[in-house]
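# Coordinate analysis (summary)
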Amino acid sequence: MTMTPQEVQQHFMAYLEATECTVIEKSPEHVTVKLSPQADKMLTNRPYYWGFVERTGAPAETLSFSFVFDPPKYDERLAKQAESIQVSQPGGGQDPLLSRYYGSAPVLPVIGPGRIQREDIIYGSRRLAQIWDASREEGKCVYLFEQPGEEQRPKTRSAPYEQWLGICFKVEFSCDLKREELHFLGISLSRKTIMDNFPAQLEARNMTPRLPENVHVRPAALTLPQAAAMLEDYLISKLGKLDYTWAEQAQIRLQEELAIVDSYYEDLLNEPDEEKKMAIQEQYQSRRSEMEWQYSPKVSLSAITCGLFHLCSSSNGTS
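I will try to describe carefully the structure that is included in this document. (Residues numbered from 1 in each chain as written. Predicted model: local features only at pLDDT ≥ 70, side-chain atom pairs only at ≥ 80, totals over all residues. Heavy atoms only, no water.)

Take Ser125: it is sitting in the loop between strand S4 (116–120) and helix H6 (126–138). A polar contact is formed between the side chain of Ser125 and the backbone oxygen of Ile122, at a distance of 2.8 Å. (Helix = DSSP H or I, 4+ residues; strand = E, 2+ residues; numbered from the N terminus. Polar contact = N/O pair within 3.5 Å; in protein donor to acceptor, adjacent residues only side chain to side chain.)

A few words on helix H1 (residues 5–18). For H1, with 14 residues, the first-to-last C-alpha span of 20 Å sits near the 20 Å given by 1.5 Å per residue. Inspection of H1 places Val8, Gln9, Phe12, Met13, Tyr15 and Leu16 among the buried residues, and these make up the whole buried set. Down the axis, H1 shows its buried residues gathered within 160° of arc, on one side only. Turned more than 90 degrees from where H1 packs its buried face, Gln6, Gln10, Glu17 and Ala18 sit exposed. Turning to H1, the residues buried within the fold contact strand S1 (22–26), strand S2 (30–34), helix H2 (37–43), strand S3 (64–68) and H6. (Expected span 1.5 Å × (residues − 1). Buried < 20%, exposed > 50% of the residue type's maximum accessible area, 1.4 Å probe, protein only. Arc of directions from axis to C-beta. Contact = heavy atoms within 4.5 Å.)

Glancing now at the nonpolar core. Core analysis: the largest hydrophobic core is formed by 20 residues, its most contacted members being Phe12, Leu16 and Phe67. Sorting the residues of this core by element identifies H1, S2, H2, S3 and H6 as the ones contributing at least two each. At five residues, the largest contribution of residues to this core is made by H1. The contacts of Leu16, once residues within four sequence positions are left out, are Cys21, Val31, Val33 and Phe67. Counting residues in hydrophobic clusters, the runner-up holds 14 residues, among them Leu189, Leu222, Leu231 and Leu239. (Core = buried A, V, L, I, M, F, W, Y, C linked by side-chain atoms within 4.5 Å.)

Attention now goes to the pairing of S3. When you tally the buried positions in S3, you get five out of five residues, the bulk of the element. Of the two faces of S3, the one holding Ser64, Ser66 and Val68 and the one holding Phe65 and Phe67 are both buried throughout.

With that out of the way, let us pick up unusual backbone geometry. Residues other than glycine seldom take positive phi values, yet Asn45 does so here, at roughly 55°. Secondary-structure assignment places Asn45 in the loop between H2 and helix H3 (47–56). Unlike most non-glycine residues, Asn214 shows phi in positive territory, near 60°. By secondary structure assignment, the location of Asn214 is in the loop between strand S9 (207–208) and strand S10 (215–217). Asn214 gets classed as partly exposed once you look at its relative accessible area, which sits at 41%.

This next bit is on the environment of Ala279. Among the secondary structure elements, Ala279 is positioned in helix H10 (residues 274–295). The spacing of Ala279 and Leu269 is 10 residues in sequence and 9.6 Å in space, taken between C-alpha atoms.

Next up on the list: the pairing of S2. The element S2 is largely enclosed, with a buried count of four among its five residues. In terms of strand pairing, S1 meets S2 through four bridges, oriented antiparallel. Paired with Glu25 across the bridge in S2 is Thr32. Alignment of S2 against S3, held across five bridges, turns out to be antiparallel. Considered in S3, the bridge of Val33 is made with Phe65. (Pairing = 2+ DSSP bridges.)

Okay, structure coming up:
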């Protein structure tokens, strides 16, 4: 798998926009931004600085970067710009008389908070991986409210909102082969109703992190740990009804591989030298353990993301 510079830029810009970074300059090959406090904390590895800011209340000064997504084209464009400057301003814009006697003065780098650092962002680069890690870390849990339309908003009383816990589970079926599935489930904290395809309930809704005006949230009958446990039990029960022929076939392949290992080491384990025999025995057990780890069928369940969603009860068909 690989990504084009345009795809890399699309992913990168989505994170910068989501974290409200300020765009200073943008081209098809690069973007220059001043990081927001949120992005600076996640990307620049300055815990002592941010600890000082939070302790003292000093105004924060975030860093600025030029992120280059297509280095060859960007460098080519910079070279053409430099040539144009030299043609239009001989001597690089310096005083001709001074340049004749002292030569061209080098451009000094800007240091300090105003310095703009360049980083090349290509598929496989450390910074792109860091952006993805930050996105996963910051996007694990969300807290959202449905923004009701005019037809849903009562005129004389506050609108009832129902709390839903949504969890996206990853199910991994593995042996010497591997398959993954995503299950996004939702449960009402007041009615204990479970929805199998919870994203379908969210697609047509306008969600916001801010509490809308003139609404009230119905009291919950379940705590969040109870609701999460019910979703996990529901999914485990659902997985228990699947066809596990693949696991039986994996067990057969495992026994075949173990038989090959046993056959190979059968004569070697008769080694008369006790020290050599112990080394062979250790190698034999290690090889069997590898085969069992690789071929034994396993099903693992983990939560990738979750969220607490406050949905208008009239939209859910409840009163």
